[in-house]
Amino acid sequence: MPGEAVTLQLGHYSGCVGAHWWGLQAAALRSAPERAELRASALLRFGRGPGGTESPTPRLVALELKGTAGWGGSGGPGTTGRPRRDRAVGWERTDRAGPGPPQLPPLCVAGTAPWPITGSADVPSVRLWSDFLSVPLHPKSLYVIRQYLHDGDCGCLEAFGQGESLLQDPACVEELEDRLHFYVEECDYLQGFQVLCDLHNGFSGVGAKVTELLHDEYSRKGILTWGLTPALSAVAEPQNSFYRLMNTALGIAHLSRHSSLFCPLSLSGSLGIKPQPPVTFPYIKYDASQNYHSSAILAAALDTLTVPYRLCSSQASMMHFADSLTFSGRKVVAALAALPLPALAGSSLPDVLSAHQQDVPWKLLSSCNEQKGSCCFAQSVVLRGICQEKSSSCQGQPKSPLHSCESPEQMLQQFLHTQFPGAFRWELCVWSEFKQGLNFQAASSEVSEGREGDWGGDLALLCHPAGVESIPVLAALQSSPGLHSLLSGLCQELQEPKVRRWSSFFTAGLEQDDFQEALEELRTLAQCYESGFGADGSEDEADSD
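Residues numbered from 1 in each chain as written. Predicted model: local features only at pLDDT ≥ 70, side-chain atom pairs only at ≥ 80, totals over all residues. Heavy atoms only, no water.

Taking an unreviewed UniProt entry as the reference, the protein is identified by name as Protein misato homolog 1 belonging to Catharus ustulatus. Here is the UniProt Sequence similarities (unreviewed entry) comment for the protein, exactly as written: "Belongs to the misato family." Under the UniProt heading Function (unreviewed entry), the entry covering the protein gives this text: "Involved in the regulation of mitochondrial distribution and morphology. Required for mitochondrial fusion and mitochondrial network formation." (UniProt positions renumbered as here; feature names shortened; annotations may be inferred.)

Observations concerning the overall build of the protein
Each helix and strand in the protein was counted, giving 13 helices and 22 strands. Counting over 545 residues, the protein shows a buried share of 57%. Long-range pairs, those at least 24 residues apart, make up 83% of the contacts in the protein between residues at least 6 apart in sequence. Taken as a whole, the protein presents about 22100 Å² of accessible surface, with 48% of it coming from carbon and sulfur. (Helix = DSSP H or I, 4+ residues; strand = E, 2+ residues; numbered from the N terminus. Buried < 20%, exposed > 50% of the residue type's maximum accessible area, 1.4 Å probe, protein only. Contact = heavy atoms within 4.5 Å. Areas by Shrake-Rupley, 256 points an atom, 1.4 Å probe, with all protein chains shown as cover.)

Looking at the layout of surface pockets
In this structure, the second largest pocket occupies an estimated 680 Å³ of space. Listed by contribution, the elements that provide at least two residues to the lining of the second largest pocket are strand S13 (334–338), helix H8 (349–354), strand S14 (363–364) and helix H10 (449–455). By residue number, the principal contributor to the lining of the second largest pocket is H10, which donates three residues. A breakdown of the residues in the lining of the second largest pocket according to their chemical character gives 21 nonpolar, six polar and six charged. (1 Å grid on protein atoms, 1.4 Å probe; cavity = no way out; pocket = protein on both sides within 12 Å on 5 of 7 lines; lining within 4 Å. Points joined across faces, edges and corners; volume = space filled by probe spheres on them. Nonpolar A, V, L, I, M, F, W, Y, C, P; charged D, E, K, R; others polar.)

Some words on the sheet that holds strand S8 (residues 142–149)
With respect to topology, six strands assemble into an open sheet ordered S8-S4-S1-S9-S10-S11, the strand pairing being parallel. Among the strands making up the open sheet, the edge pair consists of S8 and strand S11 (261–266). Going from strand to strand, the sheet's axes swing by 15° on average, the running direction of each strand aside. Pairing between strand S1 (residues 4–10) and strand S4 (residues 60–66): four bridges, direction parallel. Its bridge partner lying in S4, Leu 8 is registered against Val 61. (Pairing = 2+ DSSP bridges. Axes fitted to C-alpha atoms, helices over the stretch in contact; angles between N-to-C directions.)

Points about helix H5 (residues 238–258)
With 21 residues, H5 extends 31 Å between its outermost C-alpha atoms, agreeing within 8% with the 30 Å of an ideal straight helix rising 1.5 Å per residue. The buried fraction of H5 amounts to 17 of the 21 residues, a majority that puts the element mostly inside the structure. (Expected span 1.5 Å × (residues − 1).)

Details of the packing of aromatic side chains
By the definition in use, this model includes seven aromatic pairs. When the centroid spacing of 5.1 Å and the interplanar angle of 70° are considered together, the rings of Phe 182 and Tyr 183 count as edge-to-face. When sorted by exposure, Phe 182 lands in the same class as Tyr 183, which is buried. The interplanar angle of 55° and the centroid separation of 5.8 Å between the aromatic rings of Tyr 309 and Phe 321 together place this pair among those described as tilted. On the criterion of sequence distance, the pair formed by Tyr 309 in the loop between helix H6 (291–305) and helix H7 (318–325) and Phe 321 in helix H7 is long-range, its members being twelve residues apart. (Phe/Tyr/Trp six-rings, centres within 6.5 Å; stacked < 30°, edge-to-face > 60°.)

Some remarks on the pattern of salt bridges
Considering all chains together, one arrives at nine salt bridges under this definition. A salt bridge links Glu 186 to Arg 45, with the nearest nitrogen and oxygen atoms 2.7 Å apart. A residue pair is termed long-range when its members are at least 10 positions apart, and Glu 186 in the loop between helix H3 (170–185) and strand S9 (190–198) and Arg 45 in strand S2 (residues 44–48) qualify at 141 residues. Given a relative accessible area of 33%, Glu 186 falls into the partly exposed group. A salt bridge links Arg 179 to Glu 175; the shortest N-O distance between them is 2.7 Å. In this pair, Arg 179 and Glu 175 are both assigned in helix H3, four residues apart and thus about one turn of the helix distant. For Arg 179, a relative accessible area of 2% corresponds to the buried category. For Glu 175, a relative accessible area of 9% corresponds to the buried category. (Salt bridge = Lys/Arg side-chain N within 4 Å of Asp/Glu carboxyl O.)

Side note on unusual backbone geometry
For the bond running from Leu 339 to Pro 340, omega is -5°, close enough to zero to count as cis. Residue position: Pro 340 is located in the loop between S13 and H8. At Ser 328, a residue that is not glycine, the phi angle is positive and equals roughly 60°. Mapped onto the elements of the fold, Ser 328 is located in the loop between H7 and S13.

With respect to the side chain of Ser 268
Within the secondary structure, Ser 268 sits in the loop between S11 and strand S12 (284–285). Accessibility expressed as a relative area gives 1% for Ser 268, which makes it buried. For Ser 268, the side chain forms a polar contact with the main-chain oxygen of Ser 270, separated by 3.0 Å. Excluding residues within four positions of it along the chain, Ser 268 makes contact with Pro 230, Ala 231, Leu 232, Gln 276, Pro 277, Pro 278 and Ser 367. (Polar contact = N/O pair within 3.5 Å; in protein donor to acceptor, adjacent residues only side chain to side chain.)

Regarding the environment of Val 184
Looking at the secondary structure, you find Val 184 in helix H3. Spatially, the C-alpha atoms of Val 184 and Glu 4 are 8.9 Å apart, while their sequence positions differ by 180 residues.

Regarding the side chain of Thr 7
Along the chain, Thr 7 falls in strand S1. In this structure Thr 7 comes out as buried when scored by relative accessible area, which is 0%. In terms of polar contacts, Thr 7 uses its side chain to reach the side chain of Gln 194, at 2.8 Å. Ignoring anything within four residues of it in the chain, the contact list for Thr 7 reads Trp 22, Arg 59, Leu 60, Val 61, Gln 194 and Leu 196.

Some points on the pairing of strand S22 (residues 473–479)
Here is the key point about a regular strand: its side chains alternate between the two faces of the sheet. Of all seven residues in S22, seven are buried; the element is thus mostly enclosed. Judged by which residues are buried, S22 turns out to be covered on both faces: Val 473, Ala 475, Leu 477 and Ser 479 on one side and Leu 474, Ala 476 and Gln 478 on the other are all buried.

Quick word on a negative patch on the surface
On the surface, a cluster of negative charge is made up of Glu 511, Asp 513, Asp 514 and Glu 517. Along the chain, the position of Asp 514 falls in helix H13 (residues 512–527). (Patch = residues over 30% accessible without salt bridge, like charges linked within 9 Å, V, L, I, M, F, W, Y side chains within 5 Å. Lys, Arg positive; Asp, Glu negative; His and termini not counted. Charge placed at Lys NZ, Arg CZ, Asp CG, Glu CD.)

Some points on the pairing of strand S10 (residues 222–229)
Counting buried positions along S10 yields eight of eight residues, so the element is predominantly enclosed. Every second residue of S10 is oriented toward a common face, with Gly 222, Leu 224, Trp 226 and Leu 228 on one face and Ile 223, Thr 225, Gly 227 and Thr 229 on the other, all of them buried. The pairing of S9 with S10 spans seven bridges and is classified as parallel. Bridge pairing in S10 links Asp 198 to Leu 228. For the handedness criterion, the β-α-β arrangement of S9, helix H4 (residues 203–217) and S10 is classed as right-handed. Pairing of S10 with S11, which is carried by six bridges, proceeds in the parallel orientation. Pairing of Thr 229 across the sheet is with Ser 266, part of S11. (Right-handed = clockwise from strand over helix to strand, strands pointing away.)

See below:
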C-alpha cells in the first residue's frame, strides 16, 4: 500500500496544471471507488465537512501572488480571521455570481461522433486557475505572497533572484513550514513531496529555496519536481525572453540539485531564446495560447506518469521510483505521452502494441530534441485503459510474439524490450481507464483521410453528446541522450556577452559567481547524457531486464 505525498504548487501556471489534476482525482473518486487501482489518499486527505459529510481535499500547499483571486480568510503573514483547520473552503469568487464552475472551452479529441464543437468565444473568459478549480481546498493550502503582483506592468515576480530572496524572509519560511508540518504530521507514512514549479518566471527561484528546505528537513523522503512552462509565444520582448531563459536555466540547475528527480514539462517546442512551434497531437485539437488548454494536457500526462507510486498494489516508494531512473547523476528526465493511445474499438493489448512496432506513438512533453533510434538509459512506462483480454483471432498460431505472451505485463515488457534494448525499465499496466474530467469533446471534423487510414477505424473512446468519458493513455519518463541537447543548449545561449547585455537581471539579488556556478552545474549535468550506446543499442552501466 503506497504512502502519502504532499504536493506543492509554486506559481500560476503550476496552479493551472494542479487545478486540472485535482479535478481528475475528483473524477476518479466518483467512478467506482471500491474497484479503484490507485490509492486516492496518496494525494487527498479525507476530513469531515459541514454536516459531517466526508470531504476530500488535496494535501496541498500552493504559493500564489497577490491579485490571482480572493481567498476566504487565508493568506500570508499578517492575515487575520483564519478559518478553522478542520473545515474545507473554496475560492471566494469576485468576478461572477452564482455557485458552480463555469462552462469552459473544450479540448477536442478526434472521433466520429457528429456533435458540434463549442468555441471558446461562447464561454466566459478563463484567466485564473481558480476559474476552473472544481474541488475545495483546505485553509492551510493557499499562501498568498503579497510582495508581488500576479499581473501588471510592474511589481511582478520576474527574476530568479527575487524568488530566492522571498524564501530568505524568516516570516515567509515560518509560514511555509507551518503549512508543511500540518500536512506531514497527519500522514501515516509520508512517501515524499511532489513539487509543481513555474520555470519561466521568478517562481523558479522560489522553487530552488523550497526544494532546498525540503531536502534539508526531509532528506530520506522522495522529492519529485516538475518544472512547468506554458506554450511560449513567438512574439516577445527581448528582455522578457532573456529573463525567461535565465529563470529556466537557473531553475533546472537548482531544482535538480535538491530533488530526487526533476522533469521539465511543457508543450512549447523549445525552452531556448527562440520559441519553436508547440507540440501537436494527431487526435487532440487545442489552443496552445490558452493556459487552460495546455495545462489540461500536461495534467492528463502527469496523472499517468505518477501512477507507479500511487498504485494500491505498489510496494515501491517515491524515493525508490526516482532512484531507479536517476542513476549515474542523471537527475533530469523527459516526459512522453500518447494522448490518446490509438486503439481500435474492442482491440486487445497485443493488437494495440503490434500496430506500433515501428514507432511508439507518443509525443515529447519536455521541450527537448527527439532522439533518433531506440536509445535510453532508463525509463518508467505506464499503460492504462486498454482491454486486457487476448484477441479472439489469437486461437491457434500466435500472430506475433506479443500474442504469445501470457500476461499483460509480459506483453508490455516484450514490446519495450524490442523498442529500447538494454534500458533499465519500470513497466506498469493499469486497467482502469483514464477518466478525463477535462471537458474533452469528440470532433469528427478532425479526422482527415490520412489520419483515418492510420487509425484503421473509429477511436476506442466512449463517446456521447456530452463528450469523451475516458481515453487510453501511454506515458513514460525517460532518461535519454536527447536531454543533452536541452541542457547544453541552455548553456550555449547564456554566453557571457549576452548575459552582460541584460545586467539588470542581477540587480534582483543574484550574484555573478552564483550564476556561473549554476551554469557549470548545467554543463556537468549535460555531460551525463552524452550517448554511450554501442551499435547494439545497449549501455555499459544500464541494467537490462
